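# An overview of the molecular structure
Listed here are the chains, written in short residue letters.
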Amino acid sequence: MSGRLGRVVVALVAPLLAIAFAVVVTSIILAFTGHPPFEVFSTMIEYGTRPRTVTLTVNSAITYYLSALAVAIGFKMNLFNIGVDGQYRLAAMLAAAVGGAVSLPAPLHVALIVLVAMAVGAFWAGIAGLLRTSRGVSEVISTIMLNFIATGIVAYLLAPDRLAEPIAGSNNIGTAPIPESGRIPGLSLIPGSSNEVYGFIILAAFVGAAYWFTLSRTRFGFDLRATGANQAAAVASGVNVKKMVVTTMLLSGAVAGLVGMPQLLGASYTYSLDFPAGLGFTGIAIALLGRNSPIGIAFAALLWGFLENSAQILDLEGIPKEIVQIMQGVIVLSVVIAYELVRRWQVRRVASNVGKQLGTADESSPATTGASA
Amino acid sequence: MSATATATPASPAPVRRKRLLPRLLLGVSAMILLFSVVRTVSGADQLTSVGTISAALGLAVPIGMAALGGLWAERSGVVNIGLEGMMILGTWGAGWAGYQWGPWAGVGMAIAMGAFGGALHAIATVWFGVDHIVSGVAINVLGLGLATYLAAATFVGVPGGGATQSPPIPTMGTVTIPGLSDAMDTLAGKEIFFVSDFAGLIGGLITNVSYITIIAVLLLVATWWLLWKSSFGLRLRSCGEAPYAAESLGVNVYKYKSIAVVASGALAGFGGSYLAIVAAQQYREGQTAGRGYIGLAAMIFGNWRPGGLASGAGLFGYADALQLRNAEAVHALLLVGAIALAAIAILSLRRGSVVSAVVLGGLGAGMLVWYLLTDTVPPQFAFMTPYVTTLLVLSLASQRLRMPAADGQPYRRGAGR
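This structure is a prediction, so every number in the text was calculated from the model and none was measured. (Residues numbered from 1 in each chain as written. Chains lettered and ligands numbered in written order. Predicted model: local features only at pLDDT ≥ 70, side-chain atom pairs only at ≥ 80, totals over all residues.)

A few words now on the overall build of chain A. A count of helices and strands for chain A gives 15 helices and 2 strands. Taken against the 2.2 N^0.38 rule, which gives 21 Å for 373 residues, the C-alpha radius of gyration of chain A at 23 Å falls within 12% of a compact globule. Its C-alpha atoms put chain A at 80 × 55 × 35 Å along the principal axes. In chain A, of all internal contacts separated by at least 6 residues, the share reaching a separation of at least 24 is 74%. (Helix = DSSP H or I, 4+ residues; strand = E, 2+ residues; numbered from the N terminus. Rg over C-alpha atoms; globule rule 2.2 N^0.38 Å. Contact = placed C-beta atoms within 7 Å.)

Okay, here's the thing in structure tokens:
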């Protein structure tokens, strides 16, 4: 295989294998618990392709897309931002509070909310970046800790005498509702559906494009990828790694701040107790499946959204819809294994090609050297 | 501390052991003294009551077992952030087997489910060379999904069960040392300086102790012996320090890493069984509440050592117990923190690290001011204590912490140079 086509095939084989494997595993579990697998999947596909469900799928995917991009920015530099979860929740809560407290003309109001969210997200991620560069604390641990601390801060601030007020007609509490000028109207993109796609989709697509452009077409992006691929080489070529770590974490956190925005500005207009949580971890899974590519992540996000929304029908059929979570877990675990196998196979192929051209075709020794890279 | 244990194995061990016991006693006495002073000043009697210590011991068990699981994995060089998922699997296993065949069957099933999660992590990281963090994240997703699905599939329709909870698990029973326990309780209630606090500590450790707690303590000691005193442990730890060197000496690194990671999952599952069988007496969705992550934090706090992680788990369990039982006592904890921080600040000043002394002193002063200006601590801040403590320890003492040298690094047989 050679050139572009070969790369595309290789990129597709691993995720497709992983999905197929997940279908098999889920089928076995379904069969074991007394549900006919084929019927379950056909029910899901039938329900999942209705216009209303498609709209919901797209809406979920917008959120997941942003979350996965935030994670992917870190991944590109071998930084694990496990803290996207805490970053977006803190950011959405504070942005919602600011948005509900001020009144501005429409575009400015939206811009203010989004900027506050990005700033808060960047700040919270920046702590982890600074701890790593100044004190050598692994960002994996610090972001996990910061997630819990963010949970505590959100719980503290989201109380009736602080930033929250009761929501009429329920015993829920939330921040003051964002007025009309701070909302983003939906778009009727899906024909035959009465509900609308979040208007935030445009901004999400823009962030995806900016991600692609920055990483593959700018010097900063080159430095970032170089640092991720080989830190020693990057330092030798004049990259300031400490500065890169902090900048990357800030960028990742800023995008993480956007994760709550589609929901906040397009549907709920308030940060309440039942604001979706755990999206940051979903983002990690999707970034892994989409292999940090802006297009791959989009497909992975759509798949996740489809699984989650089409599973809603299962409860009516008496099948626990959590089967989808198993499927997602299996997909992630098997896709990372599949990518690793493909990578080893490529290393071996390149090495044996080199060996052939040099006329010293030694099949065994080059095959093993790849792993230490 | 760790340098003496790992870098110079030739140094005479008896000398160190002689010093260890007095130092330990001195440390415990100093802690009791500190708490007595604070209790007398603040009047928060719950600070060292039998009930609080007993609850703290219980809450420390799941954290400590997750931490011990983390220790096994990381000592063999595999980072395990999938502990949370393995623990969740354990809680389901405990609920499923526990309500049908009794608590001990629940413990067994919890261990098996945890070990299953560990085996998945071992296959992905050790055999397929997947990044440890990536695999751990995937296992957390999978563990949560599997437990939630299995709960909905097995507990719905059973009397007392539902999609998010299992039917009640029969109680396991507890151990109390008769006579001594009552005496300690009476003594602890008399509010005598130092004596009552000491009695509270002892009383808490011997009153209503569950069998799982006793096993947990034994497992801690057994782990220490196995990993540091047996040749099996030496080989296992060598995989975490220098896998290629171990390989060159004939150690089957894959085997040792796999054993360690499966054991790690089993321990996390065992910790989950405590939550389901002893703490709640049923499986409940979301029961672990991030304890797998706290366990990881306790292990790092404890510098990848069994004794250290036990104190970390004890500290986090204690903070948790106070928060659940008594808000007034949490407020008094601020004073404890202020005094402790001041003491550590003085120590680090004597060691010559001025910056951390200033930071610690400033934090201590801030806590003192907080204590003096307020009457209560919001419960959310008490919730954050373990995480903030861990971040503080990591950022102030990261030079003194030493993780296994090859921790988290990929290893492939024959790829060493």
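Tallying secondary structure elements over chain B gives 17 helices and 2 strands in all. In summary, chain B has a C-alpha radius of gyration of 22 Å against a globular reference of 22 Å for 417 residues, a match within 12%. Judged by the C-alpha coordinates and their principal axes, chain B covers about 60 × 60 × 40 Å. Across the 417 residues that make up chain B, the buried fraction comes to 51%. Put simply, 77% of the contacts in chain B that link residues at least 6 apart link residues at least 24 apart. (Buried ≥ 20, exposed ≤ 12 C-beta atoms within 10 Å, placed from the backbone.)

What follows deals with the interface of chain B and chain A. With 42 residues of chain B at the contact, the number on the chain A side is 37 residues. Counting residues per element, the ones that place at least two in the side of chain B that touches chain A are α5 (103-127), α6 (132-155), α13 (291-301) and α17 (379-397) of chain B. The element best represented in the side of chain B that touches chain A is α6 of chain B, accounting for 15 residues.

If you look at the biggest cluster of nonpolar residues, it comprises 242 residues, and the most contacted ones within it are Tyr65, Ala68 and Val336 of chain A. In terms of residue count, the dominant contributor to this core is helix α3 (residues 50-75) of chain B (16 residues). Shared between two domains, this core holds at least three residues of each, these being domain 1 (1-35 + 319-373) and domain 2 (64-314) of chain A. When neighbours within four sequence positions are excluded, Tyr65 of chain A is seen to be in contact with Ala204, Gly208, Ile297, Ala298 and Ala301 of chain A. (Core = buried A, V, L, I, M, F, W, Y, C linked by C-beta atoms within 7 Å. Domains from an automatic or database assignment.)

So, about helix α13 (residues 294-310) of chain A. A rise of 1.5 Å per residue sets the reference length of α13 of chain A, with its 17 residues, at 24 Å; its end C-alpha atoms lie 24 Å apart and thus fit the reference within 8%. In terms of residue burial, α13 of chain A counts as a mostly covered element, since 13 of its 17 residues are buried. (Expected span 1.5 Å × (residues − 1).)

A few words on helix α4 (residues 84-101) of chain A. Here α4 of chain A contains 18 residues, and its C-alpha end-to-end distance of 25 Å stays within 8% of the 26 Å for a straight helix at 1.5 Å per residue. The buried fraction of α4 of chain A is high, at 17 of 18 residues.

This part takes up the packing of helix α7 (residues 201-217) of chain A against helix α8 (residues 219-229) of chain A. Residues and elements named next belong to chain A. α8 packs onto α7 with a crossing angle of 75° between their chain directions and a minimal axis gap of 5 Å. On the basis of the axis angle, α7 is roughly perpendicular to α8. Along the contact surface, α7 presents Thr214, Leu215, Ser216 and Arg217, while α8 presents Phe220, Gly221, Leu224 and Arg225. (Axes fitted to C-alpha atoms, helices over the stretch in contact; angles between N-to-C directions. Parallel < 35°, antiparallel > 145°, perpendicular 65-115°, else oblique.)

Residue and element names in this part refer to chain A. Here the domain parsing of chain A yields domain 1 (1-35 + 319-373) and domain 2 (64-314). Measuring from the centre of the C-alpha atoms in domain 1 to the corresponding centre in domain 2 gives 29 Å. Contact with domain 1, which involves 13 residues of that partner, is made by 10 residues of domain 2. Of all the elements in the fold, those that place two or more residues in the side of domain 1 that touches domain 2 are α1 (3-32) and α14 (323-358). Among the elements that make up the side of domain 1 that touches domain 2, the one with the highest residue count is α14 (9 residues).

Bringing the environment of His109 of chain A into the picture now. Residue and element names in this part refer to chain A. Counting through the fold element by element, His109 comes out in helix α5 (residues 106-135). Put simply, His109 and Ser181 are 72 residues apart on the chain and 6.3 Å apart in space, counted from C-alpha to C-alpha. Leaving out residues up to four positions away in the same chain, His109 has contacts with Gly99, Leu104, Ser181 and Gly182.

Residues and elements named next belong to chain B. Looking at the secondary structure, you find Pro243 in helix α11 (residues 243-248). Separated by 202 residues in the primary sequence, Pro243 and Val41 have C-alpha atoms spaced 53 Å apart. Those residues in contact with Pro243 that lie beyond four places of it in its chain are Gly77, Val253, Ala406 and Tyr411.

Another point: unusual backbone geometry. Residue and element names in this part refer to chain B. Even without a glycine there, the phi angle at Phe194 is positive, about 70°. Accessibility expressed as a C-beta count within 10 Å gives 15 for Phe194, which makes it partly exposed. With a phi close to 50°, Ala289 is a non-glycine residue in the positive phi region. Mapped onto the elements of the fold, Ala289 is located in the loop between α12 (253-279) and α13. Exposure remark for Ala289: the 14 C-beta atoms within 10 Å place this residue in the partly exposed category.

Residues and elements named next belong to chain B. Interhelical geometry of α3 versus helix α9 (residues 211-229) gives an angle of 25° and a closest axis separation of 10 Å. Here α3 lies roughly parallel to α9, going by the angle between them. Pair α3 / α9 crosses with left-handed handedness. On the side of α3, the interface is formed by Leu57, Gly58, Val61, Gly64, Met65, Leu68, Leu71 and Arg75, while α9 contributes Ile212, Thr213, Ala216, Leu219, Leu220, Thr223 and Leu227. Considering only residue class, the contact of α3 with α9 consists of 10 nonpolar, 4 polar and 1 charged. (Left-handed = near helix turned anticlockwise from the far one by under 90°. Nonpolar A, V, L, I, M, F, W, Y, C, P; charged D, E, K, R; others polar.)

Residues and elements named next belong to chain A. Turning to its location among the elements, Ile190 is positioned in the loop between β2 (173-175) and α7. Separated by 138 residues in sequence, Ile190 and Arg52 have C-alpha atoms that sit 8.2 Å apart. Apart from residues lying up to four places away in sequence, Ile190 is in contact with Pro51, Val54, Thr55 and Val197.

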